[in-house]
Amino acid sequence: MSERASGRVPQRVLVVNTGSSSLKLSVLRDGRVENGATVQRWEGSGHLEPVQAFLDGVGHVDAVGHRVVHGGPRYSEPAWIDGDVIDYLDSIRDLAPLHNPRAVAGIHAVAEVLPDTPAVACFDTAFHATLPAEAHTYALPREWNARWGLRRYGFHGLSHAYATRRASELVGAPGARMVSCHLGAGASLAAVRDGISRDTTMGFTPLAGLVMVTRSGDVDPGLLMWLLQHGGMPVDELNEALEKRSGLKGLSGTSGDLRDVLAGRADGDQDCALAFDVFVHQLCREIAAMTAAIGGLDVLVMTGGVGEHAPLVRGRVADRLAYLGIRLDPERNESASGDADVSAEGAAVRTVVVTAREDLEIARQVAEHLGTARG
């Protein structure tokens, strides 16, 4: 009897997370990582040797979960991977040109090695499929929105889903009004109430919203039109600059890694100081904006590399947004490691740090999807 027909929820799930040049593989059993590896400089679906070597070392897996950044308008929940799914992901590759083609390559690579193992696509955009129309609709000609499916999709959904669920456990408030801050190389916020995404900062693409390491975040579209029409800026160059040469990198002249920005700031570099101030200003402004979508704030969640490891950022946010009821315990904030509540005693808003675990969320969604299908 096949795994799909047996009614048994998988115990060992292979989680596949493809990056722009790497492939992360991990095997989770009952929520714990048994094996993990990152294949650096992965060259795509034809590069099977490292995938085969990893899987030879871990033995049997019950199911595979693939992280897919963009599910387009079709997918608002995980999906069994078959030819139709792959064809659709190929058809929307232009919505996430840096991510979806690599995800499809990872699907093909793993399927070559595990052709009979059920595989599920888990989409970063799916968590935000619950956005109400007023939050996801762009004020563009309605025929444009209908023709091209223009809307706010939102991203980092797997991270936001896990972080808010884990935060609910930490504070014992499953229905709380939360703003989840995924702060890493890419950065976004999600306004979540009763576990449901109500608004988010990223939009049709992952370029919108917060200042990021190399991405600009929100920019006046009229400014971009001016650069195209009057600055003589070629479209490809503009796109490359917005994606790879803006954000903290563009402002500071460093790599854009916040650690480098803070080091320059400590040495008196005014460009680094300004870059940090712009980053914090935009972050605080957008956190406050997210509270409007959920009618207030009960829990502020910090996750991702910066959210987890930059107490200075957390402290600045708390100082700027103290009027919302955010207060941190300085000692807890400085010493936070792993999942932690860093709130001051009696603070009206709880502030928690959550270790980013997209792999756990993918494994959970795979198990839930298989269990629902079999039930």
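Everything here concerns the structure above.
In this report, the structure presented in the accompanying data block is examined. (Residues numbered from 1 in each chain as written. Predicted model: local features only at pLDDT ≥ 70, side-chain atom pairs only at ≥ 80, totals over all residues. Heavy atoms only, no water.)

### Re the packing of aromatic side chains
Each aromatic ring pair is described using two quantities: the centre-to-centre distance and the angle formed by the ring planes.
Link 1 in the chain: Under the definition given, this model contains four aromatic pairs.
Link 2 in the chain: Aromatic side chains tryptophan 144 and tryptophan 148 sit 6.5 Å apart centroid to centroid with 65° between the ring planes, which places their arrangement in the edge-to-face category. On the criterion of helical spacing, the pair formed by tryptophan 144 and tryptophan 148 is a turn pair, its members being four residues apart in helix α6 (residues 142-148).
Link 3 in the chain: Take tryptophan 144: its relative accessible area is 41%, and that puts it in the partly exposed class.
Link 4 in the chain: With a centroid separation of 5.9 Å and an interplanar angle of 40°, the aromatic rings of tyrosine 153 and phenylalanine 204 are classed as tilted. (Phe/Tyr/Trp six-rings, centres within 6.5 Å; stacked < 30°, edge-to-face > 60°. Helix = DSSP H or I, 4+ residues; strand = E, 2+ residues; numbered from the N terminus. Buried < 20%, exposed > 50% of the residue type's maximum accessible area, 1.4 Å probe, protein only.)

### Re helix α3 (residues 83-91)
Given 3.6 residues per turn, any residue in an α-helix points the same way as the ones three and four places further on.
Link 1 in the chain: Listed in full, the buried residues belonging to α3 are Val85, Ile86, Tyr88 and Leu89. All buried residues of α3 lie within an arc of 160° about the axis, which places them on one face of the element. Of the residues in α3, the exposed ones pointing more than 90 degrees away from the buried face are Asp87 and Ser91.
Link 2 in the chain: Turning to α3, the residues buried within the fold contact β4 (63-68), β5 (79-80), α4 (100-113) and β6 (119-123). (Arc of directions from axis to C-beta. Contact = heavy atoms within 4.5 Å.)

### Notes on the packing of helix α12 (residues 270-294) against helix α14 (residues 311-320)
Link 1 in the chain: Running from N to C, α12 and α14 point in directions that differ by 55°, and their axes come no closer than 10 Å. As judged from the angle between their axes, α12 and α14 are oblique. Two packed elements cross with a definite hand, and for α12 against α14 that hand is right-handed. Mapping the contact onto sequence places Phe276, Asp277, Phe279, Val280, His281, Leu283, Cys284 and Ile287 in α12 and Leu312, Val313, Arg316, Val317 and Arg320 in α14.
Link 2 in the chain: Within the contact of α12 with α14, the residues separate by chemical class into nine nonpolar, one polar and three charged. (Axes fitted to C-alpha atoms, helices over the stretch in contact; angles between N-to-C directions. Parallel < 35°, antiparallel > 145°, perpendicular 65-115°, else oblique. Left-handed = near helix turned anticlockwise from the far one by under 90°. Nonpolar A, V, L, I, M, F, W, Y, C, P; charged D, E, K, R; others polar.)

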